[in-house]
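Chain by chain, the residues run as shown.
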Amino acid sequence: DELCYLFEEASYLFKHLKITDYLEVVIEQVEQLTYKQQFLDQYLKGAERLSTSELDAVLLLAGEEVSFVIETITRQLTLQFKTQEPRLNHAEKYLLDNANLNHCKQSNNPVFNQLFDVLEEFQDLGMTKWVFRLYRKSDENMPLFRRSRCNIIPNLYHKIDFSLSIPDLLSWISSSDSISNSLMAVEALQTWYLYNKYVMSDTSSISYNDGKQICDFIKRRRWCELLPSSMDDISLSSSPVRFRSLGLTSEGAQSTNPSPYINIPCVEFCSELFSLLSQDARLRFYFKNPLNENCSLSGKCGFILKTVPSNGGLRQLELCTKKEDYCNENIHFHEDVWAEDMHVYFLQVRTDSKYLNPLSWLDFLHSTNNSGTKDKYISNERFHRGSRFCVLYKACKESS
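Re the overall build of the protein
For step 1, the next point in the chain: Along its length, the protein carries 16 helices and 9 strands.
For step 2, the next point in the chain: Relative to its 400 residues, the protein shows a buried fraction of 51%.
For step 3, the next point in the chain: Sequence-distant contacts in the protein: of pairs separated by 6 or more residues, those separated by 24 or more amount to 71%.
For step 4, the next point in the chain: Counting every atom, the protein has about 19300 Å² of accessible surface; 47% of that belongs to carbon and sulfur.

Below is the structure:
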């Protein structure tokens with residue numbers, strides 16, 4: 001019990017102050033014991049009380065002996081099947097999602113097989129899909145524990161050389177490290193188009209062939225090329241080229257493979273996007289992760305993004321993860337939602353069409369302080385009531 005207390009104190013410092021020295025000392029003490037498995041069994045009783053940082057500390061402690069954690073979870077689930085309706089709590093899901101199952105499979109295959117023998121007993125469709133993804137992930141070589149949570153939304157802006165010709169731009173998109181998914185590739189093309197329209201007074205639109213080249217790049221770079229069908233009717237710039245006609249969505253590609261992405265619209269509509277991203281603001285999203293289909297908490301599952309100061313340009317967006325962030329809200333947060341799996345964009349809705357507005361373009365207008373171009377853009381683009389921010393969330397990891 002005393003060692004459990006010390007480990008919790010060390011985990012607290014690791015969580016709140018990012019101090020690892022104390023945690024490393026406690027881990028070294030536990031490593032010297034002959035009952036490391038028993039210690040993990042004791043500490044993981046009532047694991048739902050633990051935060052993600054404390055669970056990260058558990059995986060750090062387990063290290064090469066990650067099978068100890070897997071064995072503990074398997075034992076607890078086996079007991080549940082004998083006495084009650086089994087269910088995975090958030091801590092067990094988190095540990096299984098972030099443990100190195102590949103290492104467990106190689107070092108202790110019987111424990112690995114016992115885990116999936118138990119998981120196969122779950123009859124719920126949502127759980128079945130999760131178990132299947134988990135098994136596929138066991139073929140991946142991943143770190144022994146997941147890095148600490150970072151709540152800043154990544155990939156908001158990309159650096160584009162606006163002097164590039166369209167062929168050079170497409171070449172840059174095909175190889176740039178700043179572009180890491182299919183939507184960002186489309187956004188880069190859209191940002192370049194908007195710059196040329198409003199700054200260079202070039203009225204030419206993006207062609208269908210330009211869009212198809214983007215599709216070719218996506219396949220060549222082995223991104224998942226399929227966006228959710230809810231994005232079928234979004235168009236590029238002022239052209240009639242829609243995501244569906246380019247084959248960017250699962251429906252447009254006539255694929256039977258579901259998209260790993262979920263498109264999540266903001267609860268609130270927005271017509272003053274520049275003022276919103278220039279001040280303290282909060283964006284609310286309803287989102288029920290497939291892992292939490294049986295959630296019985298009051299209010300709706302979801303998350304809140306808040307604006308925080310950045311070094312330049314528009315404010316950054318940060319995922320709210322603390323309980324106090326959700327006080328007096330009808331939304332509650334589950335810790336298996338990650339900022340690193342989010343990509344934010346602005347969906348412009350007109351009377352009969354929808355257009356993509358990349359945050360890279362909005363940031364360019366804001367940071368250059370070109371009020372004339374900004375006013376012209378806002379006046380011409382007509383942000384109707386249905387316009388709002390959206391999150392493209394990667395709910396399912398691609399297999400390697």
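What follows picks up the thread again.
Considerations on the sheet that holds strand β9 (residues 388–394)
For step 1, the next point in the chain: Read from one edge to the other, the open sheet built from 5 strands follows the order β1-β8-β7-β9-β2, with strand pairing classed as mixed. Strands at the two margins of the open sheet, each flanked by one partner only, are β1 (234–235) and β2 (261–265).
For step 2, the next point in the chain: Strand direction decides the pairing type here: β2 and β9, joined by 5 bridges, are antiparallel. Among the inter-strand pairings, Ile 262 is bridged to a residue of β9, identified as Tyr 393.
For step 3, the next point in the chain: Its contacts with the sheet put helix α11 (residues 182–198) on β7 (342–349), β8 (354–357) and β9, and the angle it makes with β7 is roughly 45°.

Topic: the pattern of salt bridges
For step 1, the next point in the chain: In the structure shown here, the tally under the stated rule is 6 salt bridges.
For step 2, the next point in the chain: Here Lys 354 ties to Asp 233 by a salt bridge, and the two come within 3.7 Å at their closest N and O atoms. Taken as a pair, Lys 354 in strand β8 and Asp 233 in the loop between α12 (208–220) and β1 lie far apart in primary sequence, 121 residues in all.
For step 3, the next point in the chain: Residue Asp 233 is classed as partly exposed on the basis of its relative accessible area, which comes to 26%.
For step 4, the next point in the chain: Residue Arg 284 pairs with Glu 268 through a salt bridge whose shortest N-O separation is 3.0 Å. Taken together, the residues Arg 284 in strand β3 (residues 282–286) and Glu 268 in the loop between β2 and α14 (273–276) connect sequence positions 16 residues apart.
For step 5, the next point in the chain: Its relative accessible area of 22% is what places Arg 284 among the partly exposed residues.
For step 6, the next point in the chain: Through salt bridges that share partners, Glu 268, Arg 282, Arg 284 and Glu 329 make up one connected network.

Section: the packing of helix α10 (residues 166–175) against α11
For step 1, the next point in the chain: Where α10 meets α11, the axes come as close as 10 Å, and the angle between the chain directions of the two elements is 155°. Relative to α11, the element α10 is oriented roughly antiparallel. The element α10 and its partner α11 pack so that their crossing is right-handed. Contacts from Ile 166, Leu 169, Leu 170, Trp 172 and Ile 173 in α10 reach Ala 185, Ala 188, Leu 189 and Trp 192 in α11.

Describing the confidence of the model for the protein
Residues shown with low pLDDT carry predicted positions that ought not to be read at fine detail.
For step 1, the next point in the chain: Across the protein, the average pLDDT comes to 76, with 75% of residues at 70 or higher.
For step 2, the next point in the chain: Element-level pLDDT for the protein is lowest in helix α2 (residues 21–31), with a mean of 58, against a maximum mean of 94 in β3.

A closer look at the nonpolar core
For step 1, the next point in the chain: Leu 119, Phe 243, Phe 303, Leu 305 and Phe 389 are the most contacted members of the largest nonpolar core, which totals 108 residues.
For step 2, the next point in the chain: Considering every element that reaches this core, the biggest residue donor is α11, with 11 residues.
For step 3, the next point in the chain: The contact partners of Leu 305, leaving out residues within four places of it in the chain, are Ile 153, Ala 281, Arg 282, Leu 283, Phe 285, Leu 317, Glu 318, Leu 319, Met 342, Val 344 and Val 391.

Brief notes about the environment of Leu 365
For step 1, the next point in the chain: Mapped onto the elements, Leu 365 comes out in helix α15 (residues 359–367).
For step 2, the next point in the chain: Distance from Leu 365 to Asp 375, taken between C-alpha atoms, is 9.8 Å for residues 10 residues apart in sequence.

Here's the deal with the packing of helix α5 (residues 67–83) against helix α8 (residues 109–119)
For step 1, the next point in the chain: Packing of α5 against α8 brings their axes to within 9 Å, and their N-to-C directions diverge by 30°. The orientation of α5 relative to α8 falls into the category roughly parallel. The element α5 and its partner α8 pack so that their crossing is left-handed. Facing Ser 67, Ile 70, Glu 71, Thr 74, Leu 77, Thr 78 and Phe 81 of α5, the residues of α8 in contact are Val 111, Gln 114, Leu 115, Val 118 and Leu 119.
For step 2, the next point in the chain: Its residues assigned to classes, the contact of α5 with α8 comprises 7 nonpolar, 4 polar and 1 charged.

Parameters at a glance
Residues numbered from 1 in each chain as written. Predicted model: local features only at pLDDT ≥ 70, side-chain atom pairs only at ≥ 80, totals over all residues. Heavy atoms only, no water. Helix = DSSP H or I, 4+ residues; strand = E, 2+ residues; numbered from the N terminus. Buried < 20%, exposed > 50% of the residue type's maximum accessible area, 1.4 Å probe, protein only. Contact = heavy atoms within 4.5 Å. Areas by Shrake-Rupley, 256 points an atom, 1.4 Å probe, with all protein chains shown as cover. Pairing = 2+ DSSP bridges. Axes fitted to C-alpha atoms, helices over the stretch in contact; angles between N-to-C directions. Salt bridge = Lys/Arg side-chain N within 4 Å of Asp/Glu carboxyl O. Parallel < 35°, antiparallel > 145°, perpendicular 65-115°, else oblique. Left-handed = near helix turned anticlockwise from the far one by under 90°. pLDDT = per-residue confidence, 0-100. Core = buried A, V, L, I, M, F, W, Y, C linked by side-chain atoms within 4.5 Å. Nonpolar A, V, L, I, M, F, W, Y, C, P; charged D, E, K, R; others polar.

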